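Reading the structure
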Amino acid sequence: MAETKSTCCYCGVGCGVVIEHEAGRITSVKGDPDHPANFGRLCTKGATLHLSAAPETLATRALYPEQRASRDEPLQRVSWDTALDTAAEKFAAIIKEHGPDAVAIYGAGQLLTEDYYVFNKLMKGLIGSNNLDTNSRLCMSSAVAGYKLSLGADAPPCSYEDIAHTKALFITGSNTAFAHPIAFRRVEDARKANPDMKLVVIDPRRTDTAEAADLHLALLPGTDIALYNAMLHVMLWEGWINRDYVEAHTEGFDALKKIVREYSPAMAATICGLDKKAIEQAAQLFATSPATMSMYCQGLNQFSFGTHNNSALINLHLATGQIGKPGAGPFSLTGQPNAMGGREVGGLANLLSAHRDMANPAHRAEVAALWGIDSVPEAPGKSAVELFQALKSGEVKAVWIACTNPAQSMPDQTLIDEALKTAEFVIVQEAFGHTETCRYADLLLPASTWGEKDGTVTNSERAISRVRSAVPAPGEARHDWAIVVDFARRLGAHLGKRELAARMFPYASPEEIWNEHRESTRGRDLDITGLSYALLENTGPQQWPFPEGAGHGKVRLYEDGLFPTPSGRARFVVTEHRITAESPSARYPLHLNTGRLRDQWHGMSRTGLVARLYSHEAEPLLHMHKDDMERRKLGDGDLVKVKSKRGSVVVKAQQSTSLRPGQCFLPMHWGGNAMGGLGINVLLPGDFDPYSKQPELKHAAVQVEKYSAGKSLVAMRRSEADADGKLQPNPHEVMARLRQWLPRFPYASLTLAGRSAPVVVLKARGDDLAPELIEALDRDLSLDDPTQVLSYQDSRRDIAKRARVDGDSLSAVRLAGETKAAEWLADLMVQGHSATAVRPWLLAPLTQPPAGQSARGKVICNCFDVAEDEIVEAFRAGESLDGLQARTRCGTNCGSCVPELKRLRQSVNH
Ligand code: SF4
């Protein structure tokens, strides 16, 4: 058994992990006690990383280069030489005929800094186009633009340790308890240590984060600017402005003052749907606290005015001098593990290395000199939405998609589907071969992933951490940077730039790439010339800037009140309330918000492999207010069609107390791989912010109506470990077989349940329950041998059911036409209870299990497998939270479920 320290590959908190491995296999993972982001803690996602690399998940990996002869043909295995020669030939031919802007690269905030650097150099240096964008555009580009507009540089001024120093924390547009759980543990710790600390949460939903707040402002979606302007109005009126700070360190306040005069609390209360007093209270807390900090995320960024959302909030910090001191300042939480590193190397269509701007001729000349080329192109490249629009129109003909899944994550999925079908040539470089985007690949390049890769990432607080390889990549998968370097040399030969390519891409290791990146930062705001791989190895993560000669990085920026603008002053930005890309109307009357769940991450290509991570929410549920459900005669679990101007999905509805009437919520994780249609993002608009080009991926106007067409179908297969510990059948192979049926149903949900003996569950509803589909499903589930199954057939009513019992366990079920027993049968399989006792009822139309069996409800504590029903029952019986935790240990490991435990206790007490 060996241990390797690395970094979690999910969110931007950037927790340190210790990977335990043996004989080339990852066996376990634990929090790194020495890592300053988490000091040993991990959330449910980080703590199950090893399960996402379990032997059976190999079935989901891209293992060999694959290529298809034509769009109608399946992918076929080819050698790396064939694959990269084909890629280079195709790109070179298109570049020669149509120019360099006819090709594009679309990358990801999951790439390591070294991967990002070479992709950027390939596109902007060797190919000569700025058509390189990444999924960070969907996530943080409004934060980037907001920082630059207001403060002069893309640099989060705060650190996690400021959470302990703050006296008033404003969390806005972020369900931190779910999306950045370990950062939220710090908030809980800070409040325990400092009971006077105030927590204000600004969010349309009463999330677990909001539930913990002293003051929750449930504003209407997209009305943040009106709120912040009104808060500034109150501060001006009450004399709470820090005039000394404004005078000494800022500019542009007078212009903003004129605007915010209009934003009285009464006016903003109407726009935001808030109580005027709550706005005044928030303003007072913000301005009069000794140290005010704000943490924010996609709820500010993902709007067609996301940049001004950011700047309006930063205006408050500048006006009150709440920046550049312990516990104060605006602090954006990055969604992805290395969105910050990508920004550092200029990994967006409008950026260049080391926070340089494409639009700045001096910056372009500096980068050209660093790379040893005549020039880098001037014209900005296509941002994410523009890139896919250009693919659809034919302006861009070939795209190389690396380490991301735009066929799930982009808004307006109908556009993405058409764009990828229209493109002349699509390269997908992926670790997982089962993502939605892989289906569009003409060439699939297998890449290494977490646990296998080596390099660096930067988290939300500017801390650079090492990512280390614990095990070799499987099959012929290669590291992302190495694929790029190999391709670049081949492309160079095709473009008549063989020597240049060899000179530009000489790297034999990620460290060599990083050293070049380090040099590019010399004298810049993020100068890391004092850092090295060796120093990171020996002393752990370090924050930038860390220039040569410095003994340590900078915990907090702008302590001297000097900002990286031409005047050295921070800028007030005139921000005005605007209408979102979509306002509810008579036709689309509901606000739809999307967001994250506690136990899933992004498009689920990794978390979706871990059965227990579905036990908190197994499928995408439309959370609705009870009034809106009653108006539509809906009950919990009823199917609804959710329709926007762009498309529709069919999902189950669930009543929620976290929403106001007129609003609904869907989790953003599900794509066409796990549900019917093109996934949740088919509903969302592609309208984007004019400064950041970040699309409005958070909000859409929708209509919701009951969906009851067709017949229901449920198919389930349980896996168990054999004598060698191998799961039989491999649940991921079962999922892959069942996945092919999803497009046939308007409603479909493909999920995993259970823990060590996972159950694959397919639920669907549609008209197409043809006999050949049922027969094929039975083959997929090992239900095709009539001598081994229990069977029920009622042809007159179109009902057909089968079940298989192996030993004492229910191992497979298929119910078609009538599925009342699906829930308790799934529970029976998950819990592994004896099927013998209930054998006579297995195919009966029973909604409730027979006596002696009981369903558990959703699992709240994933670490110790404690379900909601048990928790609620304990609270009803008078047990205290401490007592429950002492008895069941729930919430005592990663702590991710603690906010929910408190909420359940409160709801029982009420
Ligand atoms: Fe990973 Fe969770 Fe830490 Fe985010 S909070 S880095 S998902 S362990």
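In this text, all values refer to a predicted model and were calculated from it rather than measured experimentally.

Parameters and conventions
- Once a new chain begins, its residue numbering starts again from 1 and follows that chain's sequence as written.
- Local features in this predicted model are restricted to residues whose pLDDT is 70 or higher, and side-chain atom pairs enter the listing and the counts only when it is 80 or higher, whereas totals over whole chains, interfaces and linings include all residues.
- Excluded from the side-chain calculation are hydrogens and water; included are all heavy atoms of the structure.
- In this description a helix means any DSSP run of H or I spanning at least four residues, a strand means any run of E spanning at least two, and both kinds are numbered starting from the N terminus.
- The atom set for the radius of gyration is the C-alpha atoms, and the globule formula is 2.2 Å times the number of residues raised to the power 0.38.
- With a 1.4 Å probe rolled over the protein chains alone, any residue whose accessible area is under 20% of its type maximum counts as buried; one over 50% counts as exposed, and the rest are partly exposed.
- Between two residues, a contact is recorded if the distance between any of their heavy atoms is within 4.5 Å.
- Residue-level accessible areas treat just the shown protein chains as cover; the underlying method is Shrake-Rupley with a 1.4 Å probe.
- In this tally, Lys and Arg are treated as positive and Asp and Glu as negative; His is ignored, and so are the chain termini.
- We put the charge of a Lys on NZ, of an Arg on CZ, of an Asp on CG and of a Glu on CD.
- The cutoff for a nearby residue is simple: one of its non-hydrogen atoms must lie within 4 Å of the molecule or strand.
- Buried and open spaces are told apart on a 1 Å grid over the protein atoms alone, a cavity being a set of points where a 1.4 Å probe fits but cannot get out and a pocket being an open set with protein on both sides within 12 Å along at least five of seven lines. Residues with an atom within 4 Å of a point are the lining residues.
- Whether a molecule lies in a cavity or pocket depends on its atoms, and more than half of them have to be within 2 Å of the grid points.
- Residues are grouped as follows: nonpolar covers Ala, Val, Leu, Ile, Met, Phe, Trp, Tyr, Cys and Pro; charged covers Asp, Glu, Lys and Arg; every other residue, Gly included, is treated as polar.
- In short, DSSP must find at least two bridges between two strands for them to pair.
- Lines are fitted to the C-alpha atoms to define the axes, a helix being fitted only along its stretch in contact, and any angle between axes, read from their N-to-C directions, falls within 0 to 180 degrees.
- Note on angle classes: values under 35 degrees are labelled roughly parallel, values over 145 roughly antiparallel, values of 65 to 115 roughly perpendicular, and the remainder oblique.
- In this scheme the crossing of two helices becomes right-handed for a clockwise turn of the near helix relative to the far one and left-handed for an anticlockwise turn of less than a right angle.
- Here a polar contact means two N or O atoms within 3.5 Å. Within protein one must be a hydrogen donor candidate and the other an acceptor candidate, and residues neighboring in sequence count only if both atoms are side-chain atoms.
- Grid points are joined across faces, edges and corners, and a volume is the space filled by probe spheres set on the points.
- As used here, the term nonpolar core means buried Ala, Val, Leu, Ile, Met, Phe, Trp, Tyr and Cys residues forming a set that is joined through side-chain atoms within 4.5 Å.
- What the arc measures is the spread of directions leading from the helix axis to the C-beta atoms.
- Only a pair of cysteine sulfur atoms within 2.5 Å counts as a disulfide in this structure description.

**What about the overall build of the protein?**
The helix and strand inventory of the protein stands at 31 helices and 38 strands. The C-alpha radius of gyration computed for the protein amounts to 27 Å, which stays within 12% of the reference 29 Å derived for 910 residues, consistent with globular compactness. The dimensions of the protein, computed from C-alpha atoms along their principal axes, are 80 × 70 × 55 Å. A burial count over the protein gives 64% of its 910 residues as buried. Sequence separation of 24 or more characterises 71% of the internal contacts of the protein that already satisfy a separation of 6 or more. Only carbon and sulfur atoms are counted for the fraction: they give 48% of the accessible area of the protein, which is about 31600 Å². If the 101 positive side-chain charges of the protein are averaged to one point and the 108 negative ones to another, these points end up 3 Å apart.

**Regarding the environment of G725**
With respect to the secondary-structure elements, G725 resides in the loop between β30 (720-721) and β31 (727-728). Under the relative-accessibility criterion, G725 is labelled exposed at 53%. Taking the C-alpha atoms as reference points, G725 and P55, separated by 670 residues in sequence, lie 9.9 Å from one another.

**Let's talk about the site of the ligand**
Around the ligand sit C8, Y10, C11, G14, C15, L42, C43, K45, G46, P181 and I182, and that is every residue in its neighbourhood. Judged by its atoms lying within 2 Å of the grid points, the ligand is housed in the second largest cavity. Those elements that place two or more of their residues in the shell around the ligand are α1 (44-47) and α7 (181-193). In terms of residue class, the shell around the ligand is built from eight nonpolar, two polar and one charged.

**Brief notes about the sheet that holds strand β23 (residues 590-595)**
Strands in a sheet are paired, the pairing made by backbone hydrogen bonds, and the direction either parallel or antiparallel. Around the barrel, which closes on itself, the six strands sit in the order β23-β27-β24-β26-β25-β28 with mixed pairing between neighbours. For this sheet, the mean angle separating the axes of adjacent strands, direction not counted, is 45 degrees. Bridge analysis of strand β24 (residues 621-624) against strand β27 (residues 663-667) gives two bridges, and the strand direction is antiparallel. Across the sheet, M624 pairs through a bridge with C664, a residue of β27.

**Points about the packing of helix α9 (residues 224-238) against helix α12 (residues 265-272)**
Relative orientation and spacing of two packed helices are given, respectively, by the angle between their axes and the distance between those axes. Direction vectors running N to C along α9 and α12 enclose 165 degrees, while the axes themselves pass 9 Å from each other. Relative to α12, the element α9 lies roughly antiparallel. In the packing of α9 onto α12, the handedness of the crossing is left-handed. When α9 is examined against α12, the residues A226, L227, A230, H233 and V234 are found in contact with a partner set consisting of P265, A268, I271 and C272. Along the lines of polarity and charge, the residues of the contact of α9 with α12 split into eight nonpolar, one polar and no charged.

**Some remarks on unusual backbone geometry**
In this model, W544 is joined to P545 through a cis peptide bond whose omega is 0 degrees. Position of P545 among the secondary structure elements: in the loop between β21 (542-543) and β22 (570-571). Here the amide bond leading from Q728 into P729 is cis, since omega sits at -10 degrees, within 30 degrees of zero. Phi is positive for A23, close to 50 degrees, though the residue is something other than glycine. Summarising the element assignment, A23 is placed in the loop between β2 (16-22) and β3 (25-31). Of the residues examined, A23 reaches a relative accessible area of 82% and is grouped as exposed.

**Description of the side chain of S658**
For S658, the location among the structural elements is in the loop between β26 (648-655) and β27. Residue S658 is classed as buried on the basis of its relative accessible area, which comes to 15%. Of the polar contacts made by the side chain of S658, one reaches the side chain of S656; its length is 2.7 Å. With residues up to four places along the chain from it excluded, the contact list for S658 reads P204, R205 and R206.

**As for the layout of surface pockets**
Counted as a void, the second largest pocket has a volume near 740 Å³. In this structure, the second largest pocket is lined by 36 residues; those nearest its centre are G433, H434, T435, N673 and R739. The greatest single-element share of the lining of the second largest pocket, amounting to four residues, is contributed by helix α26 (residues 731-739). A breakdown of the residues in the lining of the second largest pocket according to their chemical character gives 17 nonpolar, 14 polar and five charged.

**Looking at the nonpolar core**
Soluble, globular proteins show a tendency: their nonpolar side chains are buried together. Of all hydrophobic cores here, the largest spans 78 residues; its most connected members are L420 and L622. When residues in this core are grouped by element, the largest group, six residues, is from helix α18 (residues 384-393). Residues contacting L622, with those up to four places away along its chain left out, are L592, V640, V642, V651, K652, A653, Q654, C664, F665, L666 and V704. Counting 66 residues, the second-largest nonpolar core is a separate cluster that includes A168, A230, I241 and A319.

**Points about the pairing of strand β32 (residues 747-753)**
Put simply, side chains in a regular strand alternate between the two faces of the sheet. Counting buried positions over the seven residues of β32 gives seven, a clear majority of the element. Alternating residues of β32 divide into Y747, S749, T751 and A753 and A748, L750 and L752, and every residue in both groups is buried. By the bridge criterion, seven bridges tie β32 to strand β33 (residues 759-766) in an arrangement that is antiparallel. Of the residues in β33, the one forming a bridge with S749 is K763. Where β32 folds back on β33, the antiparallel hairpin that results is connected by five residues, among which G754 adopts a positive phi of roughly 85 degrees.

**Some thoughts on helix α23 (residues 510-520)**
Three- or four-residue spacings in an α-helix give side chains the same orientation, since the helix completes a turn every 3.6 residues. Within α23, the full set of buried residues consists of P510, I513, W514, H517, R518 and S520. Down the axis of α23, the buried side of the element spans an arc of 155 degrees, and every buried residue falls inside it.

**What to know about helix α28 (residues 822-831)**
Here α28 lies mainly inside the structure; seven of its 10 residues are buried. Considered for burial, the residues of α28 that qualify are A822, W824, L825, A826, D827, L828 and M829. Considering only its buried residues, α28 is in contact with β29 (711-718), β33 and β36 (809-816). Following α28 by one or two positions, G832 adopts a phi angle in the positive range, close to 65 degrees.

**Quick notes on the state of the cysteines**
Taken as a whole, this structure holds zero disulfides when the rule is applied. In this structure C438 is not part of a disulfide, and its nearest cysteine sulfur, from C403, lies 11 Å away. Left unpaired, C894 is separated from the closest cysteine sulfur, that of C863, by 3.7 Å.

**Regarding empty space enclosed by the protein**
If you walk through the whole model with that rule in mind, you get four cavities of 30 Å³ or more. Estimates place the volume of the second largest cavity at around 80 Å³. Lining the second largest cavity are C8, Y10, C11, V13, G14, C15, L42, C43, K45, G46 and I182. Classifying every residue of the lining of the second largest cavity gives eight nonpolar, two polar and one charged.

**Examining the sheet that holds β3**
An order of β1-β2-β3 is seen for the three strands of this open sheet, with the pairing classed as antiparallel. The outermost strands of the open sheet, each flanked by one partner alone, are β1 (2-7) and β3. Averaged over all pairs of adjacent strands, the angle between their axes in this sheet comes to 30 degrees, without regard to strand direction. Across six bridges, the pairing between β2 and β3 is antiparallel.

**Digging into the side chain of Q543**
Its location among the elements puts Q543 in strand β21. Here the side chain of Q543 touches S159 through a polar contact of 2.7 Å, side chain to side chain. Reaching out from Q543, the side chain makes a polar contact with the backbone oxygen of E461 at a distance of 2.7 Å. Residue contacts for Q543: discarding those within four places in its chain leaves S159, E461, R462, A463, G553, K554 and V555.

**Overview of the packing of helix α30 (residues 881-888) against helix α31 (residues 898-909)**
As a packed pair, α30 and α31 sit with axes 11 Å apart at the nearest point and diverge in direction by 130 degrees. When the interaxial angle is binned, α30 and α31 end up oblique. As for the relative orientation of α30 and α31, their crossing is right-handed in sense. Across the interface between the two elements, L881, L884 and Q885 from α30 touch V898, L901, K902 and R905 from α31. Of the residues in the contact of α30 with α31, the class split is four nonpolar, one polar and two charged.

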